[in-house]
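The primary structure of each chain is shown beneath.
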Amino acid sequence: MRLLLIKLLFLSLLSSPTFAQDSSQYGFIQDSNYRSLCRALAEKNASQCGFIQENDLRSMCRAITNKDASQCGFINNSDQRSMCRALTVSR
């Protein structure tokens, strides 16, 4: 289920040209890991990734916000690792 949520989150981020910058929306996210991920991606601030307790999600967050595919190598889940690498490719 979590992998599906992650995929949906990133697919929605890829399909929109800009990120919403409304910080009031973060409070509606119940899961603290996803709240931090959302904040990091919206603000393009990798320091927010440090608040994520789930290792794979934290590595993906750092990889995407810093555009650093080397962080994807720390992800254990092969689907997440592949998605991470795809999302950090320079476009």
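Up top is the structure.
Described below are features of the structure shown in this document.

How each quantity is defined
Residues numbered from 1 in each chain as written. Predicted model: local features only at pLDDT ≥ 70, side-chain atom pairs only at ≥ 80, totals over all residues. Heavy atoms only, no water. Helix = DSSP H or I, 4+ residues; strand = E, 2+ residues; numbered from the N terminus. Buried < 20%, exposed > 50% of the residue type's maximum accessible area, 1.4 Å probe, protein only. Contact = heavy atoms within 4.5 Å. Areas by Shrake-Rupley, 256 points an atom, 1.4 Å probe, with all protein chains shown as cover. Disulfide = S-S within 2.5 Å. Axes fitted to C-alpha atoms, helices over the stretch in contact; angles between N-to-C directions. Parallel < 35°, antiparallel > 145°, perpendicular 65-115°, else oblique. Nonpolar A, V, L, I, M, F, W, Y, C, P; charged D, E, K, R; others polar.

1. Some words on the overall build of the protein chain
Secondary structure summary: the protein chain contains four helices and zero strands in total. When the helices and strands of the protein chain are read in sequence order from the N terminus, they spell out α-α-α-α. Out of the 91 residues belonging to the protein chain, those deemed buried represent 34%. Expressed as a percentage of contacts within the protein chain between residues at least 6 apart in sequence, the contacts between residues at least 24 apart total 35%. Carbon and sulfur atoms make up 52% of the accessible area of the protein chain, which amounts to about 5,600 Å² in all.

2. Structural notes on the state of the cysteines
According to the stated counting rule, one finds two disulfides in the structure shown. Covalent S-S linkage joins C49 and C61, the inter-sulfur distance amounting to 2.0 Å. Since a negative S-S torsion denotes a left-handed disulfide, the C49-C61 link at about -70 degrees is left-handed. With C49 in the loop between α2 (32-43) and α3 (55-66) and C61 in helix α3, this pair connects stretches of sequence that are twelve residues apart. Taking the relative accessible area as the measure of exposure, C61 reaches 0% and is therefore buried. The side chain of C72 participates in a disulfide bridge whose partner is C84; the two sulfur atoms lie 2.1 Å from each other. Disulfide C72 to C84: torsion about the S-S bond roughly -75 degrees, handedness left-handed.

3. Concerning the packing of α3 against helix α4 (residues 78-88)
The contact between α3 and α4 brings their axes to 9 Å, and the two run at 10 degrees. Between α3 and α4, the crossing angle belongs to the class labelled roughly parallel. In this structure, α3 contributes D56, M60, A63 and I64 to the contact, and α4 contributes Q80, M83, C84, L87 and T88. Class assignment of the residues belonging to the contact of α3 with α4 gives a composition of six nonpolar, two polar and one charged.

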